[in-house]
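Below, each chain spelled out in residue letters.
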Amino acid sequence: MRAIDLAEQVPTVHKETTGAEAARIVAEFRLNGLVVADDSGVPIAVIPGSQLLSVVLPQYVRDDPHLAYAYDEQAADDLCAKLTTVTLGDLIDAKRLTPAQLPQVEPDATVVEIVSAMSELHYPLIVVADQARFHGVVTMSRVLAAIAQAAGQDSDLIRRRLDKDIIDRGRSGYLSEAGGDTARGAGEDAR
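These numbers come from a predicted model, not from an experiment.

What counts, and where the lines are drawn
Residues numbered from 1 in each chain as written. Predicted model: local features only at pLDDT ≥ 70, side-chain atom pairs only at ≥ 80, totals over all residues. Heavy atoms only, no water. Helix = DSSP H or I, 4+ residues; strand = E, 2+ residues; numbered from the N terminus. Contact = heavy atoms within 4.5 Å. Pairing = 2+ DSSP bridges. Patch = residues over 30% accessible without salt bridge, like charges linked within 9 Å, V, L, I, M, F, W, Y side chains within 5 Å. Areas by Shrake-Rupley, 256 points an atom, 1.4 Å probe, with all protein chains shown as cover. Salt bridge = Lys/Arg side-chain N within 4 Å of Asp/Glu carboxyl O. Lys, Arg positive; Asp, Glu negative; His and termini not counted. Charge placed at Lys NZ, Arg CZ, Asp CG, Glu CD. Buried < 20%, exposed > 50% of the residue type's maximum accessible area, 1.4 Å probe, protein only. Arc of directions from axis to C-beta. Core = buried A, V, L, I, M, F, W, Y, C linked by side-chain atoms within 4.5 Å.

1. Topic: the environment of threonine 110
For threonine 110, the location among the structural elements is in the loop between strand 5 (104-105) and helix 7 (111-121). Taking C-alpha positions, threonine 110 is 6.3 Å from methionine 1, a pair spaced 109 residues apart along the chain. Residues contacting threonine 110, with those up to four places away along its chain left out, are Met1 and Arg2.

Right, here's the structure in full:
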C-alpha cells in the first residue's frame, strides 16, 4: 500500500484549542497524536499524545516524578481541570509542548518509507502531502493494520480499520456535539 491509500482524515486542533478540548479529542477519537492547523485549516505541526499527557503535571512533578504520590484524587482532578483555562498556544509558548515541524511523506511513499519516517521522527502519525495539497494523515494504528494484512494477519477488524477513517467514526453524531475544532479533518481544509 502507498501513503495515499492509508491517508485518512483526523480531527485537527488550533493554537486556540484548550488543553481540555485537546484531551477530549484524543480520547473520543482514540488518537495517538494531534494535528495542529493554522487559521486556514492547513496542518502545520504534530503533537504526540505523550506530550499532551505531560501538560497535566506541574514542572516540579515532571522534575521529580515521586512527587506525584503527594496528590490525592481531588488535587489530581483539580490539576486536570486547569486544562480548561490554558490553550495549546499558551502551552507551546511556555515550552510545555514542543510540536514537531510537520512530519510528512509523499502520497506515493511505501509502507516501509512511512515506517522509516515515523521511526526516525518518533511520531505516531505522519502527514501525507505533496507540493499542491495535504491528503490526510497516516496513523500508527493504520500503518500497523496494513503491515498485519500484508503479513497474512487479516481480519474483519483489520479490514474495517483500513476502510474507515477516524473522523468517519464521529459522523454518527458526536462530532456535532464536540465543537468547532473537530468539525474538519486534516486535509479537508486544504483540498
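Read on, since the account is not over.
2. A look at the sheet that holds strand 4 (residues 100-101)
Here we have 4 strands laid out as an open sheet, ordered 1-2-3-4, and mixed in their pairing. Two strands in the sheet have a free side with no partner beyond their single neighbour: strand 1 (12-13) and strand 4. Direction of pairing for strand 3 (residues 43-48) relative to strand 4: antiparallel, over a ladder of 2 bridges. Note on strand 4: the bridge partner recorded for alanine 45 is glutamine 101.

3. With respect to a negative patch on the surface
On the surface, Asp72, Glu73, Asp77 and Asp78 cluster together into a patch of negative charge. Tracing the chain through its elements places aspartate 77 in helix 5 (residues 73-81). Take aspartate 77: its relative accessible area is 43%, and that puts it in the partly exposed class.

4. Notes on a nonpolar patch on the surface
On the surface, Val115, Met140, Leu144 and Ile147 cluster together into a nonpolar patch covering about 300 Å² of accessible area. Per-element accounting of the nonpolar patch gives the leading share, 3 residues, to helix 8 (residues 140-150).

5. Observations regarding helix 2 (residues 19-29)
Buried residues of helix 2: Gly19, Ala22, Ile25, Val26 and Phe29, and no others. Taken around the axis of helix 2, the buried residues stretch over an arc of 120°, which confines them to a single face. Arginine 30 sits one or two positions beyond helix 2 and adopts a positive phi of about 55°.

6. Observations regarding the pairing of strand 7 (residues 134-139)
Here strand 7 lies mainly inside the structure; 6 of its 6 residues are buried. Where strand 6 (residues 125-129) meets strand 7, 5 bridges bridge the pair, whose relative direction is antiparallel. In the sheet register, valine 127 faces strand 7, and the bridge partner there is valine 137. Linking two consecutive strands that pair antiparallel, namely strand 6 and strand 7, is a turn of 4 residues.

7. Re the nonpolar core
Membership of the largest hydrophobic core comes to 30 residues, with the highest contact counts inside it found for Leu31, Leu34, Leu52, Leu88 and Leu97. Mapped by element, the contributors of at least two residues to this core are helix 2, strand 2 (33-37), strand 3, helix 6 (88-93), strand 6 and strand 7. Per element, the largest residue contribution to this core is 4 residues, and it comes from helix 2. Excluding residues that lie within four positions of it along the chain, leucine 34 makes contacts with Val13, Ala22, Ile25, Val26, Ala45, Val46, Ile47, Leu52 and Leu125. Leu6, Ala109, Met118 and Ile126 belong to the second-largest nonpolar core, a separate cluster that totals 18 residues.

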